[in-house]
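# Summary of structural features
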Number of protein chains: 2
Amino acid sequence: MHTHASLFVRLAFAASLLASPASAQPVLPSWNDVASRAALVDFVTKTTTPGSPSFVPPAERIAVFDNDGTLWSEQPMYFQLAFALDRVKAMAPSHPEWKTKEPFASVLKGDLKGVLAGGEHALVSLVMASHAGTTTEEFSAIVNEWVATARHPKTGRKYTEMVFQPMLEVLAHLRANGYKTFIVSGGGIEFMRPWVEHVYGIPPEQVVGSSIRTQYEVRDGVPMLVRLPELDFIDDKAGKPVGIHRHIGRRPVAAFGNSDGDLQMLQWTAAGAGPRLALIVHHTDGEREWAYDRESHVGRLDRALDEAAARGWTVVDMKRDWTTIFGD
Amino acid sequence: MHTHASLFVRLAFAASLLASPASAQPVLPSWNDVASRAALVDFVTKTTTPGSPSFVPPAERIAVFDNDGTLWSEQPMYFQLAFALDRVKAMAPSHPEWKTKEPFASVLKGDLKGVLAGGEHALVSLVMASHAGTTTEEFSAIVNEWVATARHPKTGRKYTEMVFQPMLEVLAHLRANGYKTFIVSGGGIEFMRPWVEHVYGIPPEQVVGSSIRTQYEVRDGVPMLVRLPELDFIDDKAGKPVGIHRHIGRRPVAAFGNSDGDLQMLQWTAAGAGPRLALIVHHTDGEREWAYDRESHVGRLDRALDEAAARGWTVVDMKRDWTTIFGD
């Protein structure tokens, strides 16, 4: 029985190397013929082939993806921080007091070290000043405007042109096989929703992220949701399984991350019964992207890398495994 | 142009009275030929007919439904309260102190008036005692066991046999036309998720509700989410648009409610640009179900009924409009 099932899965797997059943498009074309690619293709095949002992019913095909460092780059700082800094500069004319008030004064002087010297408190101040005080619809328009125009200081690309082509192919392959793909990010949910639908094909209702509070108001007869300067939820580390449960309500069968912030999400996913895929994107390509892991201040990958080795999770070596990073 | 479009919509509408395009099943068979039915069918037709001036792209076809009183009954008390009372009775042997401690003592004596005399504080105590302290998976199993066995005191039916057949048909008709259907309820999200998928066809990731906090823990190497006795979110009244935005991230085009607790959700939905449907289920059938509105302690419908009249929202008269309530 076991032998037959394995043979069956292997045949299906071999077939899948050529084309995905739903689209007849090549599967994961930007991936070299490496173990991580094989693990991905094998997992999708065995969980979606009727009669396979690892078959997962369509309703339970939930895959969750971290965003920063997993679907797009995150160096030299989280892109949302670049947005917050740009936003503070844009708002500065209405806030003359910022010229002498930290962390705003450092932002306006372009002194990132000075900003970071203020620690977490300074960053929260920046996020509140730059993310709150508008309606939800105004904020969405502000994000769209920034995403359409802002450029990364090193690559000169738009930030949405720094998404990982090989990961777009993973998203497409999963969806072509009946998986629902979700983002589960420490980033702001309202910072992601305006653009992830057209960039990743992930609709707003499948985005889980950190949030500030909103409040319903009716002003001059017009209902609106106003963004308040209060943290609501931090979707990071042990918050990720909580956010997954809150939004999705069932345990994913596949999880994709790149840092210690994803460790609990990977643990929670991998600990479920039946077939599970836990995958870590390891940033190893200092030429085409950035190389960093255990010592990095952004996207540190230390404990999760050890746990991946101990538990047999799939680790992607970006330099070795991907033929392209950004898909040029 | 307007005349042609209207004619087009009317023809499509007439066709839709016979069969839905996707399934060739009769559309809303448990509805009499009344204005509310016409409004429903017309709305679905005009928002899903390519070329219609009211066409809504598939990704934006979001419909939200209150649960208590909109999809199933809610008298003489919210069914979740019946669950909480049963749960307190089941847990009582491990809590000898409850014999003399309110509101538990009243619950154990079967004195509902005594319970309610404690007001909101007593109800919150009951919910915390009966809903917290387990893992999420244990709680789900407890709910499933209750739903499979508990019977309504008046009808003798299982609670899930007290869902409204005409509303199941609305859910089916919307989904057959590319709508995503969500529950947005003041009830507990974890109380609904275990059974709404097989009863309503709504998956857990499309359920929005009130919640208590959960916490991620690893016990003896096993990751779990533990339910804490702390309120997290109240998805009622002005909380409903907030919950919708948090979970769905875009404004629904159709909303269905039955009480003042749904007023803000209906306002928020109706105030969007383009075609919108706001519908209220009015409980008018004292024989087949219950008749109540402005004076009821459960599911009070007062302000929202006035606003429905003022704004031209659709109001369903259950006695007049529905050929059956529970679908016997």
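For the structure, see preceding data.
All of these numbers come straight from a predicted model, not from anything done at the bench. (Residues numbered from 1 in each chain as written. Chains lettered and ligands numbered in written order. Predicted model: local features only at pLDDT ≥ 70, side-chain atom pairs only at ≥ 80, totals over all residues. Heavy atoms only, no water.)

## Observations regarding the overall build of chain A
- Along chain A, the regular secondary structure elements total 13 helices and seven strands.
- For 328 residues, the compact-globule estimate of 2.2 N^0.38 gives 20 Å, and the C-alpha radius of gyration of chain A, at 21 Å, lies within 12% of that figure.
- Along the first, second and third principal axes, the C-alpha set of chain A runs to 75 × 50 × 35 Å.
- When burial is assessed residue by residue, chain A has 57% of its 328 residues classed as buried.
- On chain A, roughly 13,800 Å² of surface is accessible, and the fraction owed to carbon and sulfur atoms is 55%.
- One way to put it: in chain A the 33 positive side-chain charges average out to a point 2 Å from where the 38 negative ones average out. (Helix = DSSP H or I, 4+ residues; strand = E, 2+ residues; numbered from the N terminus. Rg over C-alpha atoms; globule rule 2.2 N^0.38 Å. Buried < 20%, exposed > 50% of the residue type's maximum accessible area, 1.4 Å probe, protein only. Areas by Shrake-Rupley, 256 points an atom, 1.4 Å probe, with all protein chains shown as cover. Lys, Arg positive; Asp, Glu negative; His and termini not counted. Charge placed at Lys NZ, Arg CZ, Asp CG, Glu CD.)

## Comments concerning the interface of chain A and chain B
- Facing 36 residues of chain A, the contacting portion of chain B comprises 36 residues.
- Carbon and sulfur atoms make up 51% of the surface buried where chain A meets chain B, a total of about 3,000 Å² over both sides.
- When residues of chain A are sorted by the area they lose upon contact with chain B, Glu205, Tyr216 and Arg246 of chain A head the list and together hold 22% of the total.
- Summed over the shared surface of chain A and chain B, the number is 10 salt bridges.
- A salt bridge links Arg246 of chain B to Asp232 of chain A, with the shortest nitrogen-to-oxygen separation between them at 3.3 Å.
- Across the side of chain A that touches chain B, the residue classes tally to 17 nonpolar, nine polar and 10 charged. (Contact = heavy atoms within 4.5 Å. Buried area = accessible area lost by both parts, 1.4 Å probe. Salt bridge = Lys/Arg side-chain N within 4 Å of Asp/Glu carboxyl O. Nonpolar A, V, L, I, M, F, W, Y, C, P; charged D, E, K, R; others polar.)

## Looking at the relation of the copies chain A and chain B
- Least-squares fitting of chain A to chain B yields an RMSD of 0.0 Å, with the superposition described by an axial translation of 0.0 Å and a rotation of 180°. Interpreted geometrically, this transformation is the action of a two-fold axis. Among all C-alpha atoms of chain A, that of His247 of chain A lies closest to the rotation axis, at 3.2 Å.
- Both copies share a contact surface, since 100% of the interface residues of chain A are interface residues in chain B too. (Least-squares fit on C-alpha atoms with pLDDT ≥ 70 in both.)

## Section: the sheet that holds strand β3 (residues 207-219) of chain B
Residue and element names in this part refer to chain B.
- Taken together, the seven strands give an open sheet; going across it, the order is β4-β3-β2-β1-β5-β6-β7, and neighbouring strands pair in mixed fashion. Of all strands in the sheet, those with a lone pairing partner are β4 (222-233) and β7 (314-317), marking the two edges. Going from strand to strand, the sheet's axes swing by 30° on average, the running direction of each strand aside.
- Sheet topology places strand β6 (residues 277-282) next to β7; four bridges connect them, and they run parallel. Within β7, the position partnered with Leu279 by the bridge is Thr314.
- Contacting β3 and β4, helix α6 (residues 119-131) crosses the sheet at an angle of about 175° to β4. (Pairing = 2+ DSSP bridges. Axes fitted to C-alpha atoms, helices over the stretch in contact; angles between N-to-C directions.)

## Focus on the pairing of strand β3 (residues 207-219) of chain A
All names here are of chain A.
- Strand direction decides the pairing type here: strand β2 (residues 180-188) and β3, joined by three bridges, are parallel. Paired with Ile183 across the bridge in β3 is Val207.
- Relative to strand β4 (residues 222-233), β3 runs antiparallel, the two being bridged by eight bridges. Residue pairing for β4: Glu217 is matched across the bridge by Met224.
- Between the end of β3 and the start of β4, which pair antiparallel, lie two residues, with Asp220 showing a positive phi angle near 50°.

## A word on the pairing of β6 of chain B
All names here are of chain B.
- Across the six residues of β6, six count as buried, placing the element largely inside the fold.
- Side chains Leu277, Leu279 and Val281 of β6 all project onto a buried face; the interleaved residues Ala278, Ile280 and His282 project onto the opposite face, where all are buried too.
- When strand β5 (residues 254-257) meets β6, the two strands line up parallel, connected through four bridges. Considered in β6, the bridge of Ala254 is made with Leu277.

## Let's talk about the pattern of salt bridges
- Here the structure, examined in full by the defined rule, presents 34 salt bridges over all chains.
- Between Glu190 of chain B and Arg193 of chain B there is a salt bridge whose closest N-O contact spans 2.9 Å. Of this pair, Glu190 of chain B and Arg193 of chain B both sit in helix α9 (residues 189-200), three residues apart, which is roughly one turn of the helix.
- Accessibility expressed as a relative area gives 6% for Arg193 of chain B, which makes it buried.
- In the salt-bridge network here, residues are joined through shared partners; they are Lys180 and Arg250 of chain A together with Glu197 and Glu205 of chain B.

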